[in-house]
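# Chains, contacts and geometry: an overview
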Amino acid sequence: MTARIYKPAKTAMQSGTAKTKDWVLDYEPEEPRVVEPLMGWTSSGDMKQQLRLCFESKEEAIAYCERHGIAYQVFEVTPPTRRGMAYADNFAFGRREGWTH
């Protein structure tokens with residue numbers, strides 16, 4: 001039973017950063033999911049897949065895993081690269097993209 005410790009990325013649907021400040025502990029699936037032939041639902045007998053723990057810091061999540069003897073992997077956060085742009089750049093002479101109007 002291996003656990004993943006990571007900081008979730010922000011959703012693509014909104015520009016806000018809600019639910020991205022906590023560290024999350026998820027378990028790796030121990031058995032594959034199976035499609036039920038009658039209804040077509042996907043199911044699994046692994047109950048640890050339903051468990052998700054949130055921690056305020058990475059150190060708290062690591063301490064929890066070590067205290068309970070759980071093997072873990074930590075996935076570090078890579079901050080997004082932002083490119084600064086001004087409104088005047090839309091009308092610049094040396095513009096890279098072609099004019100769309």
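Everything here concerns the structure above.
Residues numbered from 1 in each chain as written. Predicted model: local features only at pLDDT ≥ 70, side-chain atom pairs only at ≥ 80, totals over all residues. Heavy atoms only, no water.

## Some details on the pattern of salt bridges
Put simply, the rule reads: Between Lys or Arg on one side and Asp or Glu on the other, a salt bridge is scored when a side-chain nitrogen of the former is within 4 Å of a carboxyl oxygen of the latter. Only runs of H or I of at least four residues qualify as helices and only runs of E of at least two qualify as strands under DSSP, and these elements are numbered from the N terminus. Exposed residues in this analysis have more than 50% of their type's maximum accessible area, buried residues have under 20%, and partly exposed residues fall in between, with area computed by a 1.4 Å probe over protein chains only.
The final tally for this structure, using the stated rule, is three salt bridges. The partner of Asp26 in a salt bridge is Arg52, and the shortest N-O contact between them spans 3.3 Å. Residue Asp26 is found in strand S2 (residues 23-27), and its partner Arg52 is found in strand S5 (residues 52-55); the two are separated by 26 residues along the sequence. Relative accessible area serves as the criterion here: at 9%, Asp26 is assigned to the buried category. For Arg52, a relative accessible area of 52% translates into the label exposed. Lys58 is the partner of Glu76 in a salt bridge, and the nearest nitrogen-oxygen pair spans 2.9 Å. Of this pair, Glu76 sits in the segment after strand S6 (71-74) while Lys58 sits in helix H1 (residues 58-68); the two residues are 18 residues apart in sequence, bridging distant segments of the chain.

## Examining the packing of aromatic side chains
Defined as follows: Put simply, two rings from Phe, Tyr or Trp (the six-membered ring, in Trp's case) pair if the centres are within 6.5 Å, and we call them stacked under 30 degrees between planes, edge-to-face over 60, tilted for the rest. When the NZ atom of lysine or the CZ atom of arginine is within 6 Å of a ring's centre and also within 35 degrees of its normal, the charge is said to sit over that ring.
One pass over the full model with this rule turns up one aromatic pair. Taking the centre distance of 5.6 Å and the plane angle of 45° together, the rings of Phe55 and Tyr64 count as tilted. Residue Phe55 shares its accessibility class with Tyr64, and that shared class is buried. One cation-aromatic arrangement involves Lys48 over Tyr27; the distance from NZ or CZ to the ring centre is 5.0 Å.

## Describing a nonpolar patch on the surface
Using the following cut-off: Note that patches include only residues with greater than 30% relative accessible area and no salt bridge, and the join distances are 9 Å for like charges and 5 Å for nonpolar side chains (Val, Leu, Ile, Met, Phe, Trp, Tyr). Computed with a 1.4 Å probe, the accessible areas rest on the Shrake-Rupley method; for each residue, only the protein chains presented here act as cover.
The grouping of Leu38, Met39 and Trp41 at the surface amounts to a nonpolar patch, some 410 Å² of accessible area in total. Within the element layout of this structure, Met39 appears in the loop between strand S3 (34-35) and strand S4 (42-43).

## Digging into the nonpolar core
Burial of nonpolar side chains together is a common tendency in soluble globular proteins. Put simply, the rule is: In this text, buried Ala, Val, Leu, Ile, Met, Phe, Trp, Tyr and Cys residues form a nonpolar core when linked through side-chain atoms within 4.5 Å. By definition, residues are in contact when any of their heavy atoms lie within 4.5 Å.
Counting 11 residues, the largest nonpolar core is built from Ala3, Ile5, Trp23, Leu25, Tyr27, Phe55, Ala61, Ile62, Tyr64, Cys65 and Ile70. Considering every element that reaches this core, the biggest residue donor is H1, with four residues. Among all residues touching Ile5, those that are not within four sequence positions of it are Trp23, Val24, Leu25, Ala61, Ile62, Cys65, Tyr72, Gln73, Val74 and Phe75.

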